[in-house]
Amino acid sequence: MAYLTTGEAARMCGVGVNTIKRWIRQGRLPYIQTPGGHWRLPRRDFLRFIASMRLVAETVSRVLVVDDDTQTCDFIRGAIACAPVDCEVECAHDGYTGLIQIGRLRPALLVLDIMMPEINGLELLHRLRSRPELCTGTKILVYTGARDRRLVMRKVEESRPDAILLKPTGVEDFLQVALPLLQPAAARMPGLGGC
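Residues numbered from 1 in each chain as written. Predicted model: local features only at pLDDT ≥ 70, side-chain atom pairs only at ≥ 80, totals over all residues. Heavy atoms only, no water.

Draft legend 1. The overall build of the protein chain, seen in detail. Within the protein chain one finds nine helices and eight strands. With the model as given, the accessible surface of the protein chain reaches about 10,600 Å², and the carbon-plus-sulfur share is 50%. (Helix = DSSP H or I, 4+ residues; strand = E, 2+ residues; numbered from the N terminus. Areas by Shrake-Rupley, 256 points an atom, 1.4 Å probe, with all protein chains shown as cover.)

Draft legend 2. Summary view of unusual backbone geometry. Looking along the chain, the bond that leaves K167 and enters P168 is cis, with omega of -10 degrees. Considering the arrangement of structural elements, one finds P168 in the loop between β8 (163–166) and α8 (171–182). If you check the backbone angles, R106 has positive phi at about 50 degrees while not being a glycine. Within the secondary structure layout, R106 lies in the loop between α5 (95–105) and β6 (109–112).

Draft legend 3. Broad picture of helix α7 (residues 150–158). What α7 keeps buried is the set V152, M153 and V156. Taken down its axis, α7 places every buried residue within 95 degrees of arc, on the same side. Residues R150, E157 and E158 are exposed on α7 and point more than 90 degrees away from its buried face. Its buried side turned inward, α7 meets α6 (121–130), β7 (139–144) and β8. Downstream of α7 by a residue or two, R160 has a phi angle that is positive, lying close to 55 degrees. (Buried < 20%, exposed > 50% of the residue type's maximum accessible area, 1.4 Å probe, protein only. Arc of directions from axis to C-beta. Contact = heavy atoms within 4.5 Å.)

Draft legend 4. Layout of the pairing of strand β3 (residues 39–42). Two strands pair when backbone bridges link them, and strand β1 (residues 3–5) and β3 are joined in this way by three bridges, in the antiparallel orientation. Residue pairing for β3: Y3 is matched across the bridge by P42. With two bridges joining them, strand β2 (residues 32–33) and β3 adopt antiparallel strand pairing. The residue of β3 that forms the bridge with I32 is R40. (Pairing = 2+ DSSP bridges.)

Draft legend 5. Quick peek at the packing of aromatic side chains. Under the defined criterion, the tally for this structure stands at six aromatic pairs. Judged by centre distance (6.4 Å) and plane angle (15 degrees), the ring pair of F75 and Y143 falls under stacked. Residue F75 is found in helix α4 (residues 70–81), and its partner Y143 is found in strand β7; the two are separated by 68 residues along the sequence. With relative accessibility at 23%, the residue F75 sits in the partly exposed group. The class for Y143 is buried, based on a relative accessible area of 3%. Taken together, a centroid distance of 5.9 Å and an interplanar angle of 75 degrees make the contact between F75 and F174 edge-to-face. In this pair, F75 sits in helix α4 while F174 sits in helix α8, placing the two residues 99 residues apart along the sequence. Judged by its relative accessible area of 0%, F174 is buried. Site record: aromatic cluster; members linked through ring pairs are W23, F46 and F49. (Phe/Tyr/Trp six-rings, centres within 6.5 Å; stacked < 30°, edge-to-face > 60°.)

Draft legend 6. Up close: the sheet that holds β8. One open sheet holds the five strands; their spatial order is β5-β4-β6-β7-β8, and the pairing between them is parallel. Strand pairing shows two members of the sheet lacking a second neighbour, β5 (87–92) and β8, which therefore form its edges. Pairs of neighbouring strands in the sheet enclose a mean axial angle of 20 degrees, with direction left out of account. Where α4 meets the sheet, it contacts β4 (61–66), β5, β6 and β7, and its direction lies at approximately 175 degrees from that of β5. Sheet contacts for α8: β4, β5, β6, β7 and β8; angle to β7, the most-contacted strand, approximately 160 degrees. (Axes fitted to C-alpha atoms, helices over the stretch in contact; angles between N-to-C directions.)

What follows is the structure in structure tokens.
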């Protein structure tokens, strides 16, 4: 019998390795474990799974976090992992890389910090608004600690993001704002927690 690695399975259906691992943990995919502890998927069973799900790359929502603070990226990645949605979270640690990633990933949700070096969040928002084809279908959540800067906050509001959330927040508060933007049905599901 032929087996696939989790990486090979992820490439075959256009999702991330973490999505494959989540499906394994949920019992949706049969697997074996090697003596080294690695998961292997029976190829025939995996192909049946793909056919039954009619899986395409767009079934997984992508979240892009643009924030120069790596702890914020880790927090958001962890919060999304607790949510009842199937998402891939990518991080960019500056506005320039963020713009490249927006064009490459076409995320369903952009979580954007404002206070960053070089291209800050306001400049990134301005560039996105001047080229709407870059963010068609992307919801924008500004997640910032600039609460005490009135001029900055006024400019943020003028840029019309889909939501504004002030740092710091807990997981549930973050998900209450982010999930309706990402997937409206998920926001109505009970039990956002799970961590």
